[in-house]
Amino acid sequence: MSPRWRYKDCDFTKATILPDFNALYVSHRTDFDLDHYFFLRFWPGGQVSMRALGIPGRLPTASEGDEFSLNTAVGYYCIDGNEIKLEVLGIDGLYHLDKGTISPNAIAIEGLYKLEMYKRVDYAGALKNAPTW
């Protein structure tokens, strides 16, 4: 399956809240006998990255939030009210659409088996890299 990038030209005037562009939204997972973190990063132009890291016992660093290679999916997002939709393509070819709700301190994504919470972690001034997609 290939991306359609349906959210590339989203109209953000319908959003009641936008993600914090100086933050990562982090979910800690301990499923399948793994201890790892998934995190989302957003930019004002509508780009989003999603990354998975096996880093037990600590939150992702700003430099890990700036990395776009290993275990990273990239794409676009759109927000209408407090509903958020993500469309991402991973370097392994994995393509998927996600949807959920956004609040000031978290994003809840409706997963295949459960609701997954991504909590906002502030990295004000530390996240530097800009998207190239």
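Scroll up to find the structure.
The sections below set out a description of the structure shown in this document. If you're wondering where the values come from, they're calculated on a predicted model, not measured in any experiment.

How each quantity is defined
- Within every chain, residues take consecutive numbers counted from 1 along the sequence as written.
- Residues qualify for local features only when their pLDDT is at least 70, as the model is predicted, and side-chain atom pairs are given and counted only at 80 or more; totals for whole chains, interfaces and linings, by contrast, use all residues.
- Heavy atoms throughout the structure, all of them, feed into the side-chain values; hydrogens and water do not.
- Segments assigned H or I by DSSP are reported as helices when at least four residues long, segments assigned E as strands when at least two residues long, and all are numbered from the N terminus.
- Contact between two residues is taken to exist if any of their heavy atoms lie within 4.5 Å; hydrogens are not considered.
- The rule for pairing is simple: two strands pair if DSSP sees at least two bridges between them.
- Note on geometry: axes are C-alpha line fits, over the in-contact stretch for helices, and angles between N-to-C directions span 0 to 180 degrees.
- Aromatic rings from Phe, Tyr and Trp, taking only the six-membered ring of Trp, are treated as a pair when their centres fall within 6.5 Å; an angle between ring planes under 30 degrees marks them as stacked, one over 60 as edge-to-face, and anything in between as tilted.
- Partly exposed residues are those whose accessible area sits between 20% and 50% of the maximum for their type, while under 20% is buried and over 50% is exposed, using a 1.4 Å probe and protein chains only.
- By definition, being over a ring means that NZ of Lys or CZ of Arg is both within 6 Å of the ring centre and within 35 degrees of the ring normal.

Let's shift gears to the environment of Leu-115. Looking at where Leu-115 falls in the secondary structure, it is placed in strand 8 (residues 115-122). When the C-alpha atoms of Leu-115 and Thr-16 are compared, they prove to be 21 Å apart, with 99 residues separating the residues in sequence. Dropping the residues within four chain positions of it, Leu-115 is found in contact with Ala-108, Ile-109 and Glu-110.

To continue, consider the sheet that holds strand 7 (residues 106-110). Consider a sheet: its strands pair through backbone hydrogen bonds, and that pairing is either parallel or antiparallel. One closed barrel accounts for 8 strands, arranged 1-2-3-4-5-6-7-8; its pairing is antiparallel. Looking at each pair of strands side by side, their axes are set apart by 30° on average, direction ignored.

Once that is clear, we can look at the packing of aromatic side chains. This model, assessed by the stated rule, comprises 7 aromatic pairs. On the basis of an interplanar angle of 85° and a centroid distance of 4.9 Å, the ring pair of Phe-42 and Tyr-77 is categorised as edge-to-face. Taken together, the residues span a long stretch of sequence, with Phe-42 in strand 2 (residues 36-42) and Tyr-77 in strand 4 (residues 72-80) at a distance of 35 residues. Across the pair, Tyr-77 and Phe-42 agree in class, each one buried. On the numbers, 5.6 Å between centres and 70° between planes, the contact of Trp-43 with Phe-68 is edge-to-face. With Trp-43 in the loop between strand 2 and strand 3 (47-53) and Phe-68 in the loop between helix 1 (62-65) and strand 4, this residue pair connects regions lying 25 residues apart in the sequence. Residue class for Trp-43 comes out buried when judged on its relative accessible area of 8%. Taking the relative accessible area as the measure of exposure, Phe-68 reaches 21% and is therefore partly exposed. Among the aromatic residues, those joined into a ring-pair cluster are Phe-12, Tyr-25, Phe-42 and Tyr-77. Sitting over the face of the ring of Phe-38, Arg-29 holds its NZ or CZ atom 3.5 Å from the ring centroid.

The values are spatial; any link to function lies outside them.
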